Amino acid sequence: MLETRATGQVEIYGLMAEFDNPESLLAAAERAREAGYCEMDAYTPLPIEGLAEAIGFRRTLIEKIVFAAGLLGATGGFMLCWWMTVVAYPHIVAGRPLNSWPAYIPITFESMVLVSCIVAVIGMLMLNGLPQPYHPVFNVKEFERASRDRFFLCIEARDPRFHTDATREFLESLKPLEVMEVES
Amino acid sequence: MADERDNSALMDSAVDPGPDKVIGSGFDMGSATDKIAGVVYRPFLKTPKQMFIGFAVAFALVNLFLVAVTFLFYKGVGVWGIVIPIAWGFAIVNFVWWIGIGHAGTLISAILLLLKQDWRTSINRFSEAMTLFAVACAGMFPILHLGRPWLAYWLLPYPNQMWLWPQPRSPLIWDVFAVSTYATVSFIFWFTGLIPDFATMRDKRPNTVAGRIYGMLAMGWRGSARHWARYQKTYLLLAGLSTPLVVSVHSVVSFDFSVAILPGWHTTIFPPYFVAGAIYSGFAMVLSLAIPVRRWYHLEDLITMRHIEAMSKVMLGTGLIVAYGYAMEAFMAWYSVGTYERYAFYNRIFPQRGTYWWAYWLLILSNILIPQLLWSKRVRLNILAVFAISIVVNIGMWLERFVIVVTSLTRDFVPSSWGMYYPTFWDWATYFGTIGVFLALMFLFIRGIPAISIFETREVLHHEVAPSHAGD
């Protein structure tokens, strides 16, 4: 891998440091940010509180999307009932008004929940760029353990401060188990 | 293969850490991952023999179900014992029973997540799957009961050449929306929870057929911190949305009854009493399934006495709400001074009045009296006693629906339209058939999908060791 890179054949995606506990990774991510790196990502087998903030990720956006979806679902559900009973098939039952809105509330509510849940998951997957059949981090053999018990920090080559040797030196200074190159 | 150490000792034995711990000692993230994944990845012939026997029984019942449904479609609903006035026989009893069982799954996964209950973790995946399969069984009954089940899509609002639309003022149409939303959302919730675990399964056996299938299901999940942030927010939103949903579903089911003016159905206590009953029976079913499975797969260190005891307490608590519901029905029959309401109640309880009094008293025995044993800690920590009580509650909750549906319908306002309900062989075959469908799906799920959430177990371990790290 190193030889081919020396001839300029293979681009590298970044440098990856492996840690064996979440606290070291969190500390490392904070140090990397302090050192001025901004294009990086951390990979963990479980959600770690504060890690997303440590790598400079602020807004999830998902809650706004779900709120909009909920409004849309509720409006749609209510309008469906209203349209069915007032416009499409007006039919007086027990002397109630055609627009008997209290009876529409259950369907309005269910439509709200249905639409927002579907949009929440699809939105989460889309914002995450999933499904994604290929990603360079999987080229690293040790990365198999990112879904088991190891914690990884990857500084990406597109970072303006990225320099193969300097960044490697920096990552080594964080006392990881190992620093690896990620082929792109 | 990610450092697959020899975990055979881990797989074949387990020590229950007792009622104070949610997880056994000696686990780290790696070994917990291996143990849960090992349930799925163990060689086919090393599957516990009870699983084979259980699946064989369940599969036989699936075939009984297929025969029963085929015969039903061939002959019509007349093969069941339903008559006028008891047009809602077993089909509706079973529908309400199954959908109630489903409720524990959503309660455990959503409400207990919002309440930050640590004992939720080992059982949430399992009970979500239970929800899914129970709702599938429930959903079949109204369709089978339709008489012309091939026209089931008429229940949905869609433009048609007849210019007819469903009636959204009717609870029966609310039910269509509630149950289909519930089924969809339960599936979404379950699948979302599974994505990181599919990634774990993929990474454990990357170059096998199973690994590739899990890889496709994981959709390229790589545990990025950004992804986790969105994932957790989404999961929380799903929990927040499912919590009112689970309450609404059984409330709507209860409206099917309480909006009608029939004595015995027309009661305002129904929605809360149905929801509590649903959670009651759901927890009973989780216990009935989890207790044998944890033994067969030696999972006592993951599903511990803490889980069993907590679930017993929820069962006891919801059982008392149900008991309040029964008491309120009796009180309202007396306090309303309604002739028909009182008559319907006498009809339920007095042998000389009605024909189904035994069902009512059996239900009081199994839903109210026997579960009171759970007040004793000794009973709650006795695994066999808890298992027995959970089975009794399952039967009791089925009887409750039987009493509500059948007893109320046998004798309404006019004596000339009274009738009796005698279930036929095909009624029982359809009912036990769905139990087979449910169990067969559960057995397949446990064999093919991590039945305990792996990444949440890692979180539990992380939080357990966190205090000791703080001192470092």
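Residues numbered from 1 in each chain as written. Chains lettered and ligands numbered in written order. Predicted model: local features only at pLDDT ≥ 70, side-chain atom pairs only at ≥ 80, totals over all residues. Heavy atoms only, no water.

1. So, the overall build of chain A
Part 1 of the argument: Within chain A one finds six helices and four strands.
Part 2 of the argument: In terms of C-alpha radius of gyration, chain A reaches 25 Å, well past the compact-globule figure of 16 Å for 184 residues.
Part 3 of the argument: The principal-axis extent of the C-alpha atoms belonging to chain A is close to 85 × 35 × 30 Å.
Part 4 of the argument: Residue burial in chain A is summarised as follows: out of 184 residues, 48% are buried. (Helix = DSSP H or I, 4+ residues; strand = E, 2+ residues; numbered from the N terminus. Rg over C-alpha atoms; globule rule 2.2 N^0.38 Å. Buried < 20%, exposed > 50% of the residue type's maximum accessible area, 1.4 Å probe, protein only.)

2. Things to note about the overall build of chain B
Part 1 of the argument: Each helix and strand counted, chain B has 16 helices and zero strands in total.
Part 2 of the argument: Here the C-alpha radius of gyration of chain B, 24 Å, is about what a compact globule of 472 residues would show, namely 23 Å.
Part 3 of the argument: In terms of its C-alpha atoms, chain B occupies a principal-axis envelope of roughly 80 × 60 × 40 Å.
Part 4 of the argument: Counting all 472 residues of chain B, 60% fall into the buried class.
Part 5 of the argument: Within chain B, contacts between residues separated by at least 24 positions form 81% of all contacts whose residues are at least 6 apart in sequence.
Part 6 of the argument: For chain B, the accessible area works out to roughly 18700 Å², and carbon and sulfur atoms hold 70% of it.
Part 7 of the argument: Taking the average location of the 34 positive side-chain charges in chain B and that of its 26 negative ones, the two points are 4 Å from each other. (Contact = heavy atoms within 4.5 Å. Areas by Shrake-Rupley, 256 points an atom, 1.4 Å probe, with all protein chains shown as cover. Lys, Arg positive; Asp, Glu negative; His and termini not counted. Charge placed at Lys NZ, Arg CZ, Asp CG, Glu CD.)

3. Comments concerning the interface of chain B and chain A
Part 1 of the argument: At the junction of the two partners, chain B supplies 61 residues and chain A supplies 65 residues.
Part 2 of the argument: Across the chain B to chain A interface the summed buried area is about 5600 Å²; carbon plus sulfur atoms make up 68%.
Part 3 of the argument: By the criterion of area lost to chain A, the three top residues of chain B are Arg-169, Arg-222 and Arg-230 of chain B, representing 16% of everything that side buries.
Part 4 of the argument: Where chain B packs against chain A, one counts three salt bridges.
Part 5 of the argument: The salt bridge involving Lys-233 of chain B is made with Glu-63 of chain A; its shortest N-O contact spans 3.5 Å.
Part 6 of the argument: Where chain B meets chain A, there are 23 residue pairs in polar contact (both at pLDDT 80 or more).
Part 7 of the argument: Secondary-structure elements contributing two or more residues to the side of chain B that touches chain A are helix H2 (29–41), helix H6 (171–204), helix H8 (225–258) and helix H16 (454–470) of chain B.
Part 8 of the argument: The biggest single contributor to the side of chain B that touches chain A is H8 of chain B, with 17 residues.
Part 9 of the argument: The residue inventory of the side of chain B that touches chain A, partitioned by class, reads 31 nonpolar, 17 polar and 13 charged. (Buried area = accessible area lost by both parts, 1.4 Å probe. Salt bridge = Lys/Arg side-chain N within 4 Å of Asp/Glu carboxyl O. Polar contact = N/O pair within 3.5 Å; in protein donor to acceptor, adjacent residues only side chain to side chain. Nonpolar A, V, L, I, M, F, W, Y, C, P; charged D, E, K, R; others polar.)

4. Here's the deal with the packing of helix H4 (residues 90–114) of chain B against helix H9 (residues 270–296) of chain B
Residues and elements named next belong to chain B.
Part 1 of the argument: At a minimum axis separation of 6 Å, H4 and H9 run at an interaxial angle of 80 degrees. By the angle between their axes, H4 is roughly perpendicular relative to H9. Between H4 and H9, the contacting residues are Val-96, Trp-97, Trp-98, Gly-100, Ile-101, His-103, Ala-104, Leu-107 and Ile-108 on the first element and Phe-274, Ala-278, Ile-279, Ser-281, Gly-282, Phe-283, Met-285 and Val-286 on the second.
Part 2 of the argument: The class makeup of the residues in the contact of H4 with H9 is 13 nonpolar, four polar and no charged. (Axes fitted to C-alpha atoms, helices over the stretch in contact; angles between N-to-C directions. Parallel < 35°, antiparallel > 145°, perpendicular 65-115°, else oblique.)

5. Some points on a nonpolar patch on the surface
Part 1 of the argument: Nonpolar side chains collect at one region of the surface, where Tyr-89 of chain A together with Ile-143, Leu-146, Tyr-153, Trp-154, Leu-155, Leu-156, Met-162 and Leu-164 of chain B lie side by side and expose about 770 Å² of accessible area between them.
Part 2 of the argument: Here Leu-155 of chain B is to be found in the loop between helix H5 (121–144) and H6. (Patch = residues over 30% accessible without salt bridge, like charges linked within 9 Å, V, L, I, M, F, W, Y side chains within 5 Å.)

6. Quick word on the nonpolar core
Part 1 of the argument: Of all hydrophobic cores here, the largest spans 167 residues; its most connected members are Trp-98, Phe-126, Phe-438 and Phe-445 of chain B.
Part 2 of the argument: Each residue touching Phe-445 of chain B, except ones within four places of it in the same chain, is listed here: Arg-125, Phe-126, Ala-129, Phe-133, Trp-190, Pro-450 and Ala-451 of chain B.
Part 3 of the argument: Residues Leu-25, Ala-32, Ile-48 and Phe-162 of chain A belong to the second largest nonpolar core, which totals 26 residues. (Core = buried A, V, L, I, M, F, W, Y, C linked by side-chain atoms within 4.5 Å.)

7. Thoughts on the sheet that holds strand E3 (residues 151–156) of chain A
Residues and elements named next belong to chain A.
Part 1 of the argument: Strand order in this open sheet of four strands is E2-E3-E1-E4, and the pairing throughout is antiparallel. Two strands in the sheet have a free side with no partner beyond their single neighbour: strand E2 (40–43) and strand E4 (178–183). Mean inter-strand twist for the sheet, computed between neighbouring axes without regard to direction, equals 25 degrees.
Part 2 of the argument: Inspection of the sheet shows strand E1 (residues 12–19) paired to E4 by six bridges, in the antiparallel sense. In the strand pairing of E4, Ala-17 is matched with Val-179.
Part 3 of the argument: Sheet strands in contact with helix H6 (residues 164–172) are E1, E3 and E4, and its direction is about 10 degrees off that of E1. (Pairing = 2+ DSSP bridges.)

8. Description of the confidence of the model for chain B
Residues and elements named next belong to chain B.
Part 1 of the argument: Chain-level statistics for chain B give a pLDDT mean of 89 and a share of 96% at 70 or above.
Part 2 of the argument: This stretch, residues 1–5, has a pLDDT under 50; its non-local contacts, to residues over four places away or in other chains, come to 14 contacts.
Part 3 of the argument: Predicted confidence is poor over residues 468–472, with pLDDT under 50, and the contacts of this stretch with residues over four places away or in other chains come to one contact. (pLDDT = per-residue confidence, 0-100.)

9. Let's talk about the side chain of Asp-149 of chain A
Residue and element names in this part refer to chain A.
Part 1 of the argument: Following the sequence through the fold, Asp-149 ends up in the loop between helix H5 (105–127) and E3.
Part 2 of the argument: With relative accessibility at 11%, the residue Asp-149 sits in the buried group.
Part 3 of the argument: At 2.9 Å, the side chain of Asp-149 forms a polar contact with the side chain of Arg-145.
Part 4 of the argument: Reaching out from Asp-149, the side chain makes a polar contact with the side chain of Arg-148 at a distance of 3.1 Å.

10. A word on unusual backbone geometry
Part 1 of the argument: Put simply, Leu-130 of chain A and Pro-131 of chain A share a cis peptide bond, and its omega is -5 degrees.
Part 2 of the argument: The linkage connecting Ile-84 of chain B with the following residue, Pro-85 of chain B, adopts the cis geometry, with an omega of 15 degrees.
Part 3 of the argument: Within the secondary structure layout, Pro-85 of chain B lies in the loop between helix H3 (49–75) and H4.
Part 4 of the argument: One non-glycine residue, Val-337 of chain B, lies in the positive phi region at around 50 degrees.

11. Structural notes on the confidence of the model for chain A
Residue and element names in this part refer to chain A.
Part 1 of the argument: For chain A, the average pLDDT comes to 88, and 95% of its residues sit at 70 or higher.
Part 2 of the argument: Ranking the elements of chain A by mean pLDDT puts helix H1 (residues 2–6) last, at 46, and H5 first, at 95.
Part 3 of the argument: Here residues 1–7 is a poorly scored stretch, pLDDT under 50, and it has nine contacts once near neighbours within four places are set aside; other chains count.

12. Some remarks on the pattern of salt bridges
Part 1 of the argument: On inspection of all chains with the given rule, the structure shows 22 salt bridges over all chains.
Part 2 of the argument: Here Arg-158 of chain A and Glu-39 of chain A are joined by a salt bridge, their closest N and O atoms 3.1 Å apart. Residue Arg-158 of chain A is found in the loop between E3 and H6, and its partner Glu-39 of chain A is found in the loop between helix H2 (22–34) and E2; the two are separated by 119 residues along the sequence.
Part 3 of the argument: According to the relative accessible area criterion, Arg-158 of chain A is exposed, its value standing at 58%.
Part 4 of the argument: The closest approach of N and O atoms between Glu-309 of chain B and Arg-380 of chain B, which form a salt bridge, is 3.0 Å. Here Glu-309 of chain B, found in helix H10 (residues 305–335), pairs with Arg-380 of chain B, found in helix H13 (residues 377–380); they are 71 residues apart in sequence, far enough to count as distant. Residue Glu-309 of chain B shares its accessibility class with Arg-380 of chain B, and that shared class is buried.
Part 5 of the argument: One salt-bridge network, in which partners are shared between bridges, spans Arg-145, Arg-148 and Asp-149 of chain A together with Asp-34 and Lys-204 of chain B.

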